[in-house]
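# A look at the structure
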Amino acid sequence: MVTPAQASALPGWLARLYPFSPASFRTPGGARMSYLDEGPRGDEAVLMLHGNPTWSFYYRDLVRALSPGVRCIAPDHVGMGLSEKPAGYDYSLASRIADIEALVEGLGLRRIHLVVHDWGGPVGFGVAARNPGRVGRIVIQNTAAFPSARIPARIALCRAPVIGEFIVRGLNGFAEPATWMAMAGRRLAWDERRGYLHPYDSWSNRIGVHRFIRDIPLEPDHPSRATLEAVARALPSLSGSAKMILWGGRDFCFDATFLSRWLEIYPDAQVERLERAGHYVLEDAGADARGRIADFLRKG
């Protein structure tokens, strides 16, 4: 169920960077999801899906750039951003796909263009594979939607039992380091850094960050492994959608190995490799990255 926009009490410094009034959606599991809905109303929209530990703040400037001409939907996954962070939610890939699919249905969207990053990749492609006839153009930023055994040691440590939860939820040892580790071409300004960390200010508010890490399906018997494998098997069904791969060349996590795999799956994709950009491609490459996305989406 979609509910009216929240006139939320964001601090002034954050409202200046994120000048939106998010709406709310009740997910199939009963959690409140916050999302941006900007631009002209209609049944066609650009759906922007973030990863971990970001939130729709990552897309703030892209929304402002595109929304004068096209409807832009940018949700915060449950447990992330301004969405509810319930202890009892099923923080699994399958649930996240179901949440976004329900949001698309609830908004009555007939056609969606995808922009995905990090965890937004498997979630977005999971939704798209179930609804290939609705999918237009797809922008792929540093992400994967297929199983991989590659994981940086620093992320593996955050995934470890007991100590991982203490690092991520007790010390904020994932979201905070990401504000500099995910950047390569520049440093985030102080308020930009605060914007990324704003939703994750306590043990309870970092549950989604931790559960996203725990949900990385490295092991064959991981609860989300079958879901990810199903998403990967369905990727060829989206071959008819035009794709642009916008890739940060200095990503410490999603390196050139992942880019090569994408090109095996979608050899006709338009590749825009931003050599100086890190994992947070839109932050590092700024107006250049936004311009390339806008030009690609305008083609149809």
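Going by the structure above, here's the rest.
Residues numbered from 1 in each chain as written. Predicted model: local features only at pLDDT ≥ 70, side-chain atom pairs only at ≥ 80, totals over all residues. Heavy atoms only, no water.

Within the secondary structure, Asn131 sits in the loop between α4 (120–130) and β7 (135–141). Here the side chain of Asn131 touches Val127 through a polar contact of 2.9 Å, landing on its backbone oxygen. (Helix = DSSP H or I, 4+ residues; strand = E, 2+ residues; numbered from the N terminus. Polar contact = N/O pair within 3.5 Å; in protein donor to acceptor, adjacent residues only side chain to side chain.)

Turning our eyes to something else, we now look at the packing of helix α6 (residues 163–170) against helix α9 (residues 207–214). Relative orientation of the contacting elements α6 and α9 amounts to 145°, with a least axis distance of 9 Å. Relative to α9, the crossing made by α6 is right-handed. Listed contacts from α9 to Gly164, Glu165, Val168 and Arg169 of α6 are Ile207, Val209, His210 and Ile213. Class assignment of the residues belonging to the contact of α6 with α9 gives a composition of four nonpolar, two polar and two charged. (Axes fitted to C-alpha atoms, helices over the stretch in contact; angles between N-to-C directions. Left-handed = near helix turned anticlockwise from the far one by under 90°. Contact = heavy atoms within 4.5 Å. Nonpolar A, V, L, I, M, F, W, Y, C, P; charged D, E, K, R; others polar.)

Our next topic: the layout of surface pockets. The space that makes up the largest pocket amounts to roughly 610 Å³. Looking at the largest pocket, it is lined by 36 residues, and the ones nearest its centre are Asp118, Ile155, Ile216, Cys253 and Phe254. Elements represented by at least two residues in the lining of the largest pocket include exactly α5 (153–159) and α7 (175–181). In terms of residue count, α5 provides more of the lining of the largest pocket than any other element does, four residues in total. Here the lining of the largest pocket is built from residues that sort into 28 nonpolar, five polar and three charged. Looking at the second largest pocket, its volume works out to about 180 Å³. Taken together, Asp90, Tyr91, Ser92, Arg159, Arg211, Arg214, Asp215, Glu219, His222, Pro223 and Ser224 form the lining of the second largest pocket. Of the residues belonging to the lining of the second largest pocket, the class tally is two nonpolar, three polar and six charged. (1 Å grid on protein atoms, 1.4 Å probe; cavity = no way out; pocket = protein on both sides within 12 Å on 5 of 7 lines; lining within 4 Å. Points joined across faces, edges and corners; volume = space filled by probe spheres on them.)

Keep in mind that these numbers describe shape and distance, not what the molecule does.
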